[in-house]
Amino acid sequence: VANYYSITSCVRGAKVLKESSRNKCKKFRKTPPNPQTRKSLKALYPRDRGVSVTLHGDDLHGDEIHFGPKTDDSVGFWNEFSLIEDFQDSNDNITFSSKFPGCGLVELDRYAPLLPEDRKTDIVFSVKDFIFSFEPSSWRFDVSEELNGCHQVVDFTDDTTGAPHIVAKSNVAMYVNEVGHNIDLVENVCSLEKPRSVYYYASIGTPMKKGETVELLVNYKEGYESMRVRRGYGKANLLGVKSDNDDYSRVQRNLAERISFEDSIKSYREDEVGSVIDFLENRVWDGIVSATSCLSLESAKNKCDVIRQIIARRRLDWTSRILGSHYSVVGRGGSHKEARHDEADSTFKVGMVVYVNNWMEAEDPRPPYSGVATVNNVFRDKFDRICLGVSLPGGKSICCVPEGVISEPTEDDFVEAPRRMHSNWLKWKREESHPQKRESRQLVLEKMRWDSSHFRNLLSCNQSSSDMHSRIMDSLRWEVSEELLYLLVKDNRLHHPLNDRHWCPISMRLLTRSLHVVADNIIPTHERKESSYEDVLSACAEKLLVILREATEAVRNILALDKEEAKENFLRYLAFHEKSVSECGTEQSSRYYLKAESEVTPHVSVEDCSKGQTTLDENFYLIHQVLFVTHALASLIDWNNFNNRGEGIYSFEKACQIAAIDLDLARRLQTEKSRSWKPLIFLPL
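Owing to the predicted nature of the structure, the values given are computational and were not obtained by experimental measurement.

> Would you mind showing me how to read unusual backbone geometry here?
Trans is the prevailing form of peptide bonds, just as negative phi is the prevailing case for residues other than glycine. That bond from alanine 112 to proline 113 is cis: its omega, -5°, falls within 30 degrees of zero. In this fold, proline 113 is placed in the loop between β8 (106–112) and β9 (119–121). For asparagine 358, which is not glycine, the phi dihedral falls at a positive 55°. Tracing the backbone shows asparagine 358 in strand β17 (residues 353–359). Residue class for asparagine 358 comes out exposed when judged on its relative accessible area of 53%. Despite not being glycine, leucine 498 has its phi angle at roughly 65°, a positive value. Among the secondary structure elements, leucine 498 is positioned in the loop between α13 (466–490) and α14 (505–522).

Written out as structure tokens, the structure reads:
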């Protein structure tokens, strides 16, 4: 399938109206408009629930005399023309433009929704978008109609792959590309957004000759800019910002999205969390499990989809933990308050909507009341009977109603009741079932946890495919690295990771290698039957310390160089990159600088330093850029979680010893908080 769509002017065989037939059109111009019966009708039922009605038959509308005979060759709004009798072949030199009289927009296709499941609340879509590595955002549209009281999003991506589903692939709209910021591309497709759907129309401005072909292009405006930057053709990319093909750039964007995603989840109400969990269980989980089971990935139709699904399975583990934690919090803080003694003895609770059966207090002159009411309080009267105080529609109330004349209402009891009371009753019914739902949904989230044994089985089925094996492992290493960086940033152990403005290339390379070492231990590729937990920890710590030693040696070797030319090239491995951008968005300057030992001029250019004019701050590079990076990552791991036998596997003192760094100096430069960091992860066996 082509990755773009074009339109071709095919004028041969086109028809034009004969001059002799034009009078057929004129005599209908004074015809009165269609009667109301030809417009959409609506049948109303109680509580504003309605259905659309269309009338069919003969002589129903009273304007049938204005319409021509309905035959196979009838054309025109009134069927007044015959394709055979009233039209003739056009000349071959005719051109087409939407601006020509009688021409206009060409309807291409509906963009979305194409299936019922293409409609989602923004809450559900944001979870799906995160799980599938933000691929669905490439195809989303926001519409004005709300869905279940929330902002609605439509897209045509599959809920099990994140890629366009089979129906979308058969439609034109999917293959319409975007103009972006390329001034050589001309927008010729516009979107018509209806309350719940989006349609594409071609608008051809420059006349097209016979056989001429133009590519269809649309403009997604500023709301699509973040996706343009990810793909490499955004405004920021013109200023040197790299696309998601660059690992460091992609991880920084994903890290920011991950932090924002968790913050949004923590704002969800209980029913919103429940809707997300139900969506993941019913629409996502089974498809991902099926696609990532023990099968030959070489036979998969789309390997990119399968790799995205493997990452999605890892992200489901992370998302399920965040959702489960927040669901427990909002569940404990539900709408039901702790019941008083009298309320606990009653079937009915305060705030509950009930039905009063023909009752009024004896001293009250009002007639007996039958209808719905809301419970205000529960108490015992002087005869020790349970009674209820209820409020009625219209602001009135009954102070004492025996429990025996009260029952639970049915749907029919709310026909004449206020809409708010009906909504409160439905809400109460839903909340009554919440405890059971909470338990079952927590079990669903537990089911979505990452299973290392499953992953090992998947890789064992694809040993022959070294390329696929390598792509899977590389993708998962970076995914787990994002999770580790998220923990470091969230707990303020590392700031702006992999940002070349704050970290030199040696430091970023050190962090990357160390992250991948820990990631390989979190997602082991083979079962370690003969290894004890202490052996696993020792092997991991040893690799981290080797990387630390190599980084410190690299720093010392660069600082010891004498030759100016060689030194300038190697000094860039210690340099920080700073960009200055003007208000209009164009890059003004880009410079590389180093950290000098002098407090008067702490920053020095690479060129000046290579000439021997400045001495660099060796302790800054060895301690802040190397030692503290390794220690921040190592502090996440519980090295002593098996009866304290792990003492000495890793420690700050041992890291200083391996790197040949003065321990007392490193201790003085440590922050007070960093000395009390607690482990946050356990390496699986």
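> Got a minute to help me understand the packing of aromatic side chains in this structure?
To describe a pair of aromatic rings, one takes the distance between the centres and the angle between the planes. All told, the structure shown has 21 aromatic pairs when counted by the stated rule. Geometrically, the ring pair formed by phenylalanine 130 and tryptophan 318 is tilted, given 5.5 Å between the ring centres and 45° between the ring planes. Taken together, the residues phenylalanine 130 in helix α2 (residues 122–131) and tryptophan 318 in helix α8 (residues 303–332) connect sequence positions 188 residues apart. There is no split in this pair, since phenylalanine 130 and tryptophan 318 are both buried.

> What should I look at first to understand the sheet that holds β17 in this one?
Backbone-to-backbone hydrogen bonds join strands into a sheet, with any given pair of strands oriented parallel or antiparallel. Pairing is antiparallel across the open sheet formed by five strands, whose spatial order is β20-β19-β18-β17-β21. Every interior strand has two partners, whereas the edge strands, β20 (397–402) and β21 (406–407), have only one. Two elements, strand β19 (residues 386–391) and β20, share four bridges in a ladder whose sense is antiparallel. Across the sheet, the residue bridging to valine 390 is isoleucine 398, located in β20.

> Explanation requested: the pairing of strand β14 (residues 198–202) in the structure shown.
Within a regular beta strand, the side chains point alternately toward one face of the sheet and then the other, so they alternate between its two faces. The buried count for β14 comes to five of five residues, which makes it a mostly enclosed element. Bridging between β8 and β14 involves five bridges; their strand directions are antiparallel. Note that in β14 the partner of arginine 110 across the bridge is tyrosine 199. In textbook terms, the turn of a hairpin is the stretch between consecutive antiparallel strands, and for strand β13 (residues 189–193) and β14 this stretch comprises four residues.

> Please explain the pairing of strand β11 (residues 150–154) as it appears in this structure.
Most of β11 is tucked away: four of the five residues are buried. Note: β9 against β11, three bridges, orientation antiparallel. The residue bridging lysine 120 from the neighbouring strand is valine 153, located in β11. Sheet topology places strand β10 (residues 141–147) next to β11; five bridges connect them, and they run antiparallel. Across the sheet, the residue bridging to phenylalanine 141 is valine 154, located in β11. Taking the residues that link successive antiparallel strands as the turn, the β10-β11 hairpin has two residues, and the phi of asparagine 148 there is positive, at about 55°.

> In this structure, what is going on with the nonpolar core? I would like to understand it.
A general trend in soluble globular proteins is that nonpolar side chains are found buried together. With 109 residues, the main nonpolar core has Leu280, Val518, Leu594, Leu627 and Trp639 as its most contacted residues. Discounting chain neighbours no more than four positions away, the residues touching leucine 280 are Val127, Ile131, Trp285, Leu316, Leu323 and Met448.

> Before we go on, may I ask you to explain helix α10 (residues 419–432) in this structure?
Along an α-helix, residues three or four positions apart point the same way, because every turn accommodates 3.6 residues. Over its 14 residues, α10 extends 20 Å from the first C-alpha to the last, a length consistent with the 20 Å expected when each residue adds 1.5 Å. Considered for burial, the residues of α10 that qualify are Met421, His422, Trp425, Trp428 and Glu431.

> I would appreciate a short explanation of the pattern of salt bridges in the present structure.
Side-chain pairs of opposite charge can arise where the charged atoms are in close proximity. Applying the stated criterion across every chain, the model contains 45 salt bridges. In this structure, lysine 242 and aspartate 246 form a salt bridge, with 4.0 Å as the shortest nitrogen-oxygen distance. Given the relative accessible area of 49%, lysine 242 is considered partly exposed. Taking the relative accessible area as the measure of exposure, aspartate 246 reaches 24% and is therefore partly exposed.

> How should I be thinking about the side chain of threonine 374 in this particular structure?
In this structure, threonine 374 sits in strand β18 (residues 369–380). On the basis of relative accessibility, which here comes to 18%, the residue threonine 374 falls in the buried class. Setting aside chain neighbours within four positions, we find threonine 374 in contact with Gly351, Met352, Val353, Gly389, Val390, Ser391 and Met421.

> Would you explain the sheet that holds β10 in this entry?
A sheet is described by the order of its strands in space; here three strands give the open sequence β9-β11-β10, paired in antiparallel fashion. Across the chains shown, the open sheet's two edge strands, defined by having one partner strand only, are β9 and β10. Here the average twist between neighbouring strands, direction ignored, is 40°. Against the sheet, α2 touches β9 and β11, its axis set at about 95° to β9.

> How should the packing of α2 against helix α7 (residues 270–291) be read in this particular structure?
Packed helices, taken two at a time, are described by the angle their axes make and the gap between the axes. Contact pair α2 / α7: the axes reach a minimum separation of 9 Å and the direction vectors enclose 45°. Put simply, α2 runs oblique to α7. The chirality of how α2 crosses α7 is right-handed. Counting all contacts with α2, which are made through Ile123, Val124, Val127, Lys128 and Ile131, the residues of α7 involved are Glu272, Ser275, Val276, Phe279 and Leu280. Taken together, the residues that form the contact of α2 with α7 break down as seven nonpolar, one polar and two charged.

> When you look at the packing of helix α15 (residues 533–559) against helix α18 (residues 618–634) in this model, what are you seeing that I'm missing?
Here α15 crosses α18 at 170°, and the two axes come no closer than 10 Å. When the axes of α15 and α18 are compared, the pair comes out roughly antiparallel. In this structure, the crossing between α15 and α18 has a hand that is right-handed. The residues of α18 that touch α15, namely those facing Leu544, Leu548, Ala551, Thr552, Val555, Arg556 and Leu559, are Glu618, Tyr621, Leu622, Val626, Leu627, Thr630 and Ala634. When its residues are assigned to classes, the contact of α15 with α18 shows 10 nonpolar, two polar and two charged.

Cut-off values and rules
- Residues numbered from 1 in each chain as written.
- Predicted model: local features only at pLDDT ≥ 70, side-chain atom pairs only at ≥ 80, totals over all residues.
- Heavy atoms only, no water.
- Helix = DSSP H or I, 4+ residues; strand = E, 2+ residues; numbered from the N terminus.
- Buried < 20%, exposed > 50% of the residue type's maximum accessible area, 1.4 Å probe, protein only.
- Phe/Tyr/Trp six-rings, centres within 6.5 Å; stacked < 30°, edge-to-face > 60°.
- Pairing = 2+ DSSP bridges.
- Core = buried A, V, L, I, M, F, W, Y, C linked by side-chain atoms within 4.5 Å.
- Contact = heavy atoms within 4.5 Å.
- Expected span 1.5 Å × (residues − 1).
- Salt bridge = Lys/Arg side-chain N within 4 Å of Asp/Glu carboxyl O.
- Axes fitted to C-alpha atoms, helices over the stretch in contact; angles between N-to-C directions.
- Parallel < 35°, antiparallel > 145°, perpendicular 65-115°, else oblique.
- Left-handed = near helix turned anticlockwise from the far one by under 90°.
- Nonpolar A, V, L, I, M, F, W, Y, C, P; charged D, E, K, R; others polar.

Keep in mind that these numbers describe shape and distance, not what the molecule does.
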